[in-house]
Amino acid sequence: MRFWRSQLYFELVTWCAWYEKMGRTFQEECEYLEQVNDNCWRIKKGFVPNMKVEGMFYVNEHLQKLMFDELQNSCRGGIGGFLPGVKQIANVAALPGIVKYSVGLPDVHSGYGFAIGNMAAFDMSDPEAIVSPGGVGFDINCGVRLLRTNLSESDVQPVKEQLAQSLFDHIPVGVGSKGVIPMNAKDLEEALEMGVDWSLREGYAWAEDKEHCEEYGRMLQADQSKVSARAKKRGLPQLGTLGAGNHYAEIQVVDEIFNNHAAKKMGIEFPGQVCVMIHSGSRGLGHQVATDALLAMEKAMKRDNIIVNDRQLACAKISSQEGQDYLKGMCAAGNYAWVNRSSMTFLTRQAFGKVFQCPPDDLDMQLIYDVSHNIAKVEEHMVDGRQKTLLVHRKGSTRAFPPHHPLIPVDYQLTGQPVLIGGTMGTCSYVLTGTERGMEQTFGTTCHGAGRALSRAKSRRNIGYQEVLNKLADDGISIRVASPKLVMEEAPESYKNVTDVVNTCHAAGISKKAIKLRPIAVIKG
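All figures in this text were calculated on a predicted structure; none of them were measured in a lab.

Concerning the overall build of the protein chain
For step 1, the next point in the chain: Counting its secondary structure elements, the protein chain contains 18 helices and 19 strands.
For step 2, the next point in the chain: At 22 Å, the protein chain has a C-alpha radius of gyration in line with the 24 Å of a compact globule built from 525 residues.
For step 3, the next point in the chain: Along the three orthogonal principal directions, the C-alpha set of the protein chain runs to about 65 × 50 × 45 Å.
For step 4, the next point in the chain: Here the protein chain, with 525 residues, has 63% of them falling under the buried criterion.
For step 5, the next point in the chain: Excluding contacts between residues fewer than 6 apart, the proportion of contacts in the protein chain whose partners are at least 24 apart in sequence is 75%.
For step 6, the next point in the chain: A total of about 19,200 Å² of accessible surface is found on the protein chain, and carbon and sulfur atoms cover 50% of it.

Take a look at the structure:
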């Protein structure tokens, strides 16, 4: 079904003036957009210059409207100076070496270079293929991990406030927070190369944790010498800290089980079972690695005559020195993020043990899984019937491998990889599983969360922080926050509806719902 046949056509006619500014009328632009089915749209070649492949994005009816609202607002400077998500997906489709198509997941929204919620794969055998820091993001290996416990909601409710305070006391949070995990410069360099293996060696992780981490918590390509002194200086005091923004530690309870078999494999036995979700990344170290690489790649682009549609898509050939240096530094930052989340897991286990006056082992505080949201990885995929080695960029999107894939743990071989989808502050979260259809359609990739609907600035203007805190209290959700006024930026109204996002992925078949979780306490910076 073509775009102009959809009901939205009549709502979008008023945007004609914006398109005319871009050199084409609204009707001419619409010729490049086609609705494939209820959950998928195609961006045809020609929508932006030099497209090598088509773009695709997954939305339901409500999310579809938000996508085009963002497009409309862009002509008013309403999305922080970034291009609208549809244009960013298309610009990525114009990058050298891209294969199949540039994909936008249902939580897609404007970001730096790539949209957040945009994935793309590049052919490693193509000498022109590129790597782009904008396709990974500044918070390298920002990700989520989920711990289960053998506690029920009735066990936790009498001590909920005490437990929330214990978590807040144990985990350093907020801008500029400093870690409590002992760390010197030598330790940091080892952690950058060893990842979770460093945490295991130092006693901050359980042996089973490694088995339930994406990449087993260690990217072997990591080279700490490719991480600048400035990045190390920023990262050294921050290891084991949550940070601020949309990062959180949340005590959750199982609200609904959609797939009993998958849930049991994850150790989820009953509704009301208590879990803990931790969302954080590589802190200032990862940000500096990305910043350093972007500066180097701007020079490389001039040398190698690489043309991009948006200067925020600064990139380098994968085979170039700049490309290889970035990948090795990115992997080191990824390892740092896993050590960071492992350290906070150690502190979480301590916090629970203190409140319940028993060892964390007795509470069965096992790691269900740890997934990455911002990373580029070398993977094997089928493209046009042939197996190819690809560099898959996932920015604000999650790997979602299907059953029997060799890179997922033995525990999940029959169910598919667990996919952790964190909700917004005070709203539900989900666990999904990967599918074969996802491998075929999206290179084994699905959404990562709700995705912003309002900019941070607009959230601060429109939402009062006390209003947010009161709403959480009314919903029975305890909160501990280092910077109360920052909660305005993270209010549920600032985001898309995570259930809409998850249901779209489920309906499209690129991942399947397994478990729904609801929060009872949240810790934020």
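Let us keep going from here.
Brief notes about the side chain of K388
For step 1, the next point in the chain: Looking at the secondary structure, you find K388 in strand β13 (residues 386–395).
For step 2, the next point in the chain: Its relative accessible area of 17% is what places K388 among the buried residues.
For step 3, the next point in the chain: Looking at K388, its side chain comes within polar contact range of the side chain of D123, at 3.3 Å.
For step 4, the next point in the chain: The residues contacting K388, other than those within four sequence positions of it, are D123, S125, E379, E380, H381 and V383.

Describing helix α18 (residues 498–508)
For step 1, the next point in the chain: Listed in full, the buried residues belonging to α18 are V498, D500, V501, V502, T504, C505 and A508.
For step 2, the next point in the chain: Between a side-chain oxygen at the N-terminus of α18 and the backbone nitrogen of T499 the separation is 2.8 Å; the capping residue is N497.
For step 3, the next point in the chain: Where α18 terminates, the next one or two residues include G509, which has phi positive at roughly 80°.

A closer look at unusual backbone geometry
For step 1, the next point in the chain: Positive phi, normally seen in glycine, also occurs at Q357, with a value near 50°.
For step 2, the next point in the chain: Its place among the elements puts Q357 in the loop between α14 (321–356) and β11 (367–372).
For step 3, the next point in the chain: Given the relative accessible area of 71%, Q357 is considered exposed.
For step 4, the next point in the chain: The backbone phi angle of D364 is positive, close to 55°, even though this residue is not glycine.
For step 5, the next point in the chain: Relative to the elements of secondary structure, D364 occurs in the loop between α14 and β11.

Quick notes on empty space enclosed by the protein
For step 1, the next point in the chain: Applying the stated criterion across every chain, the model contains two cavities of 30 Å³ or more.
For step 2, the next point in the chain: Its volume calculated, the largest cavity comes out at about 50 Å³.
For step 3, the next point in the chain: Residue lining of the largest cavity: ten residues in total, with G245, L486, E490, K524 and G525 positioned closest to the centre.
For step 4, the next point in the chain: When its volume is computed, the second largest cavity comes out at roughly 40 Å³.
For step 5, the next point in the chain: Forming the boundary of the second largest cavity are Y112, P133, G134, G137, F138, A290, L294 and K395.
For step 6, the next point in the chain: A per-class count over the lining of the second largest cavity returns five nonpolar, two polar and one charged.

A few points about a negative patch on the surface
For step 1, the next point in the chain: Taken together, the side chains of E208, E211, D361, D362 and D411 make up a negatively charged region of the molecular surface.
For step 2, the next point in the chain: Position of D362 relative to the elements: it lies in the loop between α14 and β11.

Thoughts on the state of the cysteines
For step 1, the next point in the chain: In this structure the tally under the stated criterion is zero disulfides.
For step 2, the next point in the chain: Among the cysteines around C358, which has no disulfide bond, C275 carries the closest sulfur, lying 16 Å off.
For step 3, the next point in the chain: Of the cysteine sulfurs around C428, a residue in no disulfide, the closest is that of C447, at 12 Å.

Some points on the packing of helix α8 (residues 185–194) against α14
For step 1, the next point in the chain: Across the interface, α8 lies against α14 with an axial gap of 6 Å and an inter-helix angle of 100°. When the axis of α8 is compared with that of α14, the two are roughly perpendicular. Residue-level inspection shows L188, A191, L192, E193 and M194 of α8 in contact with α14, the latter providing A332, N335, Y336 and V339.
For step 2, the next point in the chain: For the contact of α8 with α14, the per-class residue count stands at seven nonpolar, one polar and one charged.

Some details on the pairing of strand β5 (residues 116–123)
For step 1, the next point in the chain: Burial analysis of β5 places seven of its eight residues in the buried class, the great majority of the element.
For step 2, the next point in the chain: Bridging between strand β4 (residues 101–109) and β5 involves three bridges; their strand directions are antiparallel. Of the residues in β5, the one forming a bridge with V103 is M119.
For step 3, the next point in the chain: Of the pairings in the sheet, the one linking β5 to β13 comprises six bridges and is antiparallel in character. Residue A120 lies in a different strand from β13, and its bridge partner there is H393.

What about the pattern of salt bridges?
For step 1, the next point in the chain: Evaluation of the coordinates by the stated rule reveals 27 salt bridges.
For step 2, the next point in the chain: When the shortest N-O distance is used, the salt bridge between R518 and E153 registers 2.7 Å. With R518 in strand β19 (residues 511–524) and E153 in helix α6 (residues 153–156), this pair connects stretches of sequence that are 365 residues apart.
For step 3, the next point in the chain: Judged by relative accessible area, which is 28%, R518 ranks as partly exposed.
For step 4, the next point in the chain: Each member of the salt-bridge network shares a partner with another, and the members are E153, D255, K516 and R518.

So, the pairing of strand β7 (residues 143–152)
For step 1, the next point in the chain: The element β7 is extensively covered by neighbouring structure, given that nine of its ten residues are classed as buried.
For step 2, the next point in the chain: Relative to strand β9 (residues 273–280), β7 runs antiparallel, the two being bridged by seven bridges. The partner of R145 across the bridge, within β9, is I278.
For step 3, the next point in the chain: Relative to β11, β7 runs antiparallel, the two being bridged by five bridges. By the bridge assignment, G143 is partnered in β11 with S372.

Here we look at the packing of aromatic side chains
For step 1, the next point in the chain: Counted according to the given criterion, the structure contains seven aromatic pairs.
For step 2, the next point in the chain: For the ring pair W198 and Y204, a centre distance of 6.1 Å and an interplane angle of 25° mean the geometry is stacked. The residues W198 and Y204 share a single accessibility class, namely buried.
For step 3, the next point in the chain: For the ring pair F258 and Y430, a centre distance of 6.5 Å and an interplane angle of 20° mean the geometry is stacked. Of the two residues, F258 is situated in the loop between β8 (248–257) and α12 (260–265) and Y430 in strand β16 (residues 429–434); the sequence distance between them amounts to 172 residues.
For step 4, the next point in the chain: With relative accessibility at 2%, the residue Y430 sits in the buried group.

Parameters and conventions
Residues numbered from 1 in each chain as written. Predicted model: local features only at pLDDT ≥ 70, side-chain atom pairs only at ≥ 80, totals over all residues. Heavy atoms only, no water. Helix = DSSP H or I, 4+ residues; strand = E, 2+ residues; numbered from the N terminus. Rg over C-alpha atoms; globule rule 2.2 N^0.38 Å. Buried < 20%, exposed > 50% of the residue type's maximum accessible area, 1.4 Å probe, protein only. Contact = heavy atoms within 4.5 Å. Areas by Shrake-Rupley, 256 points an atom, 1.4 Å probe, with all protein chains shown as cover. Polar contact = N/O pair within 3.5 Å; in protein donor to acceptor, adjacent residues only side chain to side chain. 1 Å grid on protein atoms, 1.4 Å probe; cavity = no way out; pocket = protein on both sides within 12 Å on 5 of 7 lines; lining within 4 Å. Points joined across faces, edges and corners; volume = space filled by probe spheres on them. Nonpolar A, V, L, I, M, F, W, Y, C, P; charged D, E, K, R; others polar. Patch = residues over 30% accessible without salt bridge, like charges linked within 9 Å, V, L, I, M, F, W, Y side chains within 5 Å. Salt bridge = Lys/Arg side-chain N within 4 Å of Asp/Glu carboxyl O. Lys, Arg positive; Asp, Glu negative; His and termini not counted. Charge placed at Lys NZ, Arg CZ, Asp CG, Glu CD. Disulfide = S-S within 2.5 Å. Axes fitted to C-alpha atoms, helices over the stretch in contact; angles between N-to-C directions. Parallel < 35°, antiparallel > 145°, perpendicular 65-115°, else oblique. Pairing = 2+ DSSP bridges. Phe/Tyr/Trp six-rings, centres within 6.5 Å; stacked < 30°, edge-to-face > 60°.

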